[in-house]
2 protein chains.
Amino acid sequence: MSVTDVGGFVASGIGCGIKLSGEHDMAIVATADFAPVNAAGVFTSNKMTAAPVLVCREHLAVTQGTAAAVVLNSGNANAATGKQGMADARRMCELTAAGLGVVPQHVLVCSTGLIGYGLPMDKIAPGISAAIASLSASGGPQAAQAIMTTDTVPKQVTIASNGFTVGGIAKGAAMLEPNMATMLAVLTTDAASSSEELVAALRAGVASTFNTLTVDGAESTNDTVLILANGQAGAVAYADLVEAVIAACESLAMQMADDAEGSTKTVFLRVTGAASDAEAAKAARDTANCQLVKCSWYGQDPYWGRIASEMGAAGVAFDHTKLTIAYGPHVVYDHGEPAHPSELAEYMAGRHLELNVDLGMGNGTARIITTDLTHAYVDENMGTS
Amino acid sequence: MSVTDVGGFVASGIGCGIKLSGEHDMAIVATADFAPVNAAGVFTSNKMTAAPVLVCREHLAVTQGTAAAVVLNSGNANAATGKQGMADARRMCELTAAGLGVVPQHVLVCSTGLIGYGLPMDKIAPGISAAIASLSASGGPQAAQAIMTTDTVPKQVTIASNGFTVGGIAKGAAMLEPNMATMLAVLTTDAASSSEELVAALRAGVASTFNTLTVDGAESTNDTVLILANGQAGAVAYADLVEAVIAACESLAMQMADDAEGSTKTVFLRVTGAASDAEAAKAARDTANCQLVKCSWYGQDPYWGRIASEMGAAGVAFDHTKLTIAYGPHVVYDHGEPAHPSELAEYMAGRHLELNVDLGMGNGTARIITTDLTHAYVDENMGTS
């Protein structure tokens, strides 16, 4: 269940002291022979782009979509760090490249953790050496461990498809709208695929999984999803590749939702009957990010009034007499009239909730996966220390 | 300091059992002789409009901007209540009108509290009778008390201007983006003013005060600001009227911010240097409503990285090398480079924080007043019971 379940890849995870707790904080994922292979990345659209994201984009452009390794650290996002941050991100690639015997442009870099503080390069330089020394064909779980920040469990996946495999590790809560300060994922595959196909498959995977997940509406400076394809399994059907990448991303996204900061509920919100898919997505996202709605989930309270209010405020085509809201099979608001179903308390007590909202205006639909807002979320985000 | 500080107005506030706690929950504000006078209203733009808002709009349209009284209840918002909710809102006006000897169209109605539950008319009918019996020229403070929901203190204001007075009562946390399920305000004045001037003055007042206040980004179904002008003080300069209305709204808005649900900080966020005022407002509002930023204020943590990240994610013209962020006089991020000022802890410990963000892209500016996100906010919004 990890990046090293795919033949021809090695990984490692070690602690080098970036995290004061002493937990693991440095990881490398690489091809087993350190030879560059086809690669692709999808990154945050936040304009306050972190230095490692800028370096990844530059390297993938220069190499026309090839890479031999990814170096990742947790405990510090190297974001909002100015010119020194760019120099440090480049230095991480150079140190890794020197250790592996490749050019720096064939190394990609990811950082996650606090924003606004310079990287402790005196710890990172020996950390990279130690991570290289630890690389092994069974190192995926250690790498997954080393990229955790507020995660409570490592996130890993292996998808076996028609003669090839996709493996992955990830950290964080959401893509494009992550929680702490980064969602990262690294996928590996032994499928033979061009860089162009990899980019397309990765975009498809991200769009239907990570991009439907929102914890708090905040879009990170560092979000990165990478894939490396070493081709050892030979050519595969493109449709199979896309399907396997989506399955891997879906699994990692669900692991993130169930481990989101302080959450006690994962909510699958589906909006149907909107005037368009775009309006459905707007209404779904606004509702998923509404503090009041999120608090009521925490309280296991099916307070449909707040949901109806968010739908009315979302700026989409709306007629309250056509609005229907249901938790799972329990209709709580039916074409403009409140319903008060019995036996709802047991449903609301579950870890996973399905919330279906039908606007009755057209054929637009959207899905969002989100979480509740809890005391523990406030605790985790009150301070940086 | 209330609506009855203005000559020629009476008010009352009593308890009729809508709130199970027994606290006051029914209020009336009226002209002393129950004669209709010029009036105006500004209402929520939420399309999930509550029944009392629809009835207010209808009555002001029918009467061409005149009213004799406002009846208000707390404990139940009469929102998302379907056809019965409309009938109940009309019935509240009819009962009040019968007691005062006016036509129902000269009564305006406001409700605040839980969404999605029918009004207990068996309690409201005798409550309206009792409120009418209690009307007095010193009843403003009782009315302010009776419209409280999660407010911990009543909100009242009196502004003395050039020969006339504006008085007001209010409840709730924010206009257009309120907290629980309604921000309400009723203003009175003895200035003589046409309904058209009253509408314009009220819109100006709301735009520069209540509409710059956001607690959690949720827009209520019931938000209502009303003004009644009995003309006893004679004609006034329109500019003076606007100034006094703005001053009254500003005072009530500040009282709301300082009493927002569970808040420990009031934050004055100013964005300058945006490409346009609209972009400044977008960036300011996104940042003010970011859960991560709000939690860091609660923790008294000047975590500028999150603020920079919100600016980068706001979809506005952005270049991090031109971005400067300061808490009061303390610069924490200076043209793309982090600064680490000393003596910031004492500043962050204050109840009121000034946060200034300069984007360095143009001349657009915006101001937002907001609050932090706390354990107490989660407590208050976990459930409806």
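All of these numbers come straight from a predicted model, not from anything done at the bench.

## Comments concerning the relation of the copies chain B and chain A
One copy of the chain maps onto the second through a rotation about an axis and a displacement along it. Structural alignment of chain B on chain A gives an RMSD of 0.0 Å, achieved by rotating through 180° and translating 0.0 Å along the axis. Seen this way, the second copy is the image of the first under a two-fold rotation axis. Of every C-alpha in chain B, the one belonging to His375 of chain B sits nearest the axis of rotation, 2.8 Å from it. Here 100% of the contact residues of chain B are again contact residues in chain A; the copies associate through an equivalent surface.

## Quick word on the environment of Val225 of chain B
Relative to the helices and strands, Val225 of chain B resides in strand S10 (residues 224-229). Here the alpha-carbon distance between Val225 of chain B and Pro329 of chain B, two residues 104 residues apart in the chain, equals 36 Å.

## Some remarks on the sheet that holds strand S15 (residues 352-358) of chain B
Within a sheet, each strand pairs with its neighbour through backbone hydrogen bonds, oriented either parallel or antiparallel. All names here are of chain B. Strand order in the open sheet formed by six strands is S14-S13-S12-S15-S11-S16, with mixed pairing between adjacent strands. Strands at the two margins of the open sheet, each flanked by one partner only, are strand S14 (337-338) and strand S16 (364-371). Across four bridges, the pairing between strand S12 (residues 324-327) and S15 is antiparallel. By the bridge assignment, Ile325 is partnered in S15 with Val357. The strands touched by helix H6 (residues 238-258) are strand S11 (266-274), S15 and S16; relative to S16, the strand with the most contacts, the crossing angle is about 50°. Along the sheet, helix H7 (residues 277-288) makes contact with S11 and S16, crossing S16 at roughly 20°.

## With respect to the pattern of salt bridges
Residues and elements named next belong to chain A. Tallied over the full model, the rule gives 13 salt bridges over all chains. Measuring nitrogen to oxygen at the nearest pair gives 2.5 Å for the salt bridge that ties Lys155 to Asp259. Of this pair, Lys155 sits in strand S7 (residues 155-160) while Asp259 sits in the loop between helix H6 (238-258) and strand S12 (266-274), and the two are 104 residues apart along the sequence. Overall, the relative accessible area of 1% leaves Lys155 in the buried class. Of the residues examined, Asp259 reaches a relative accessible area of 11% and is grouped as buried. Linked through salt bridges whose partners overlap, the residues forming this network are Asp151, Lys155 and Asp259.

Rules used throughout
- Residues numbered from 1 in each chain as written.
- Chains lettered and ligands numbered in written order.
- Predicted model: local features only at pLDDT ≥ 70, side-chain atom pairs only at ≥ 80, totals over all residues.
- Heavy atoms only, no water.
- Least-squares fit on C-alpha atoms with pLDDT ≥ 70 in both.
- Contact = heavy atoms within 4.5 Å.
- Helix = DSSP H or I, 4+ residues; strand = E, 2+ residues; numbered from the N terminus.
- Pairing = 2+ DSSP bridges.
- Axes fitted to C-alpha atoms, helices over the stretch in contact; angles between N-to-C directions.
- Salt bridge = Lys/Arg side-chain N within 4 Å of Asp/Glu carboxyl O.
- Buried < 20%, exposed > 50% of the residue type's maximum accessible area, 1.4 Å probe, protein only.

On their own, these measurements won't tell you what the molecule is for.
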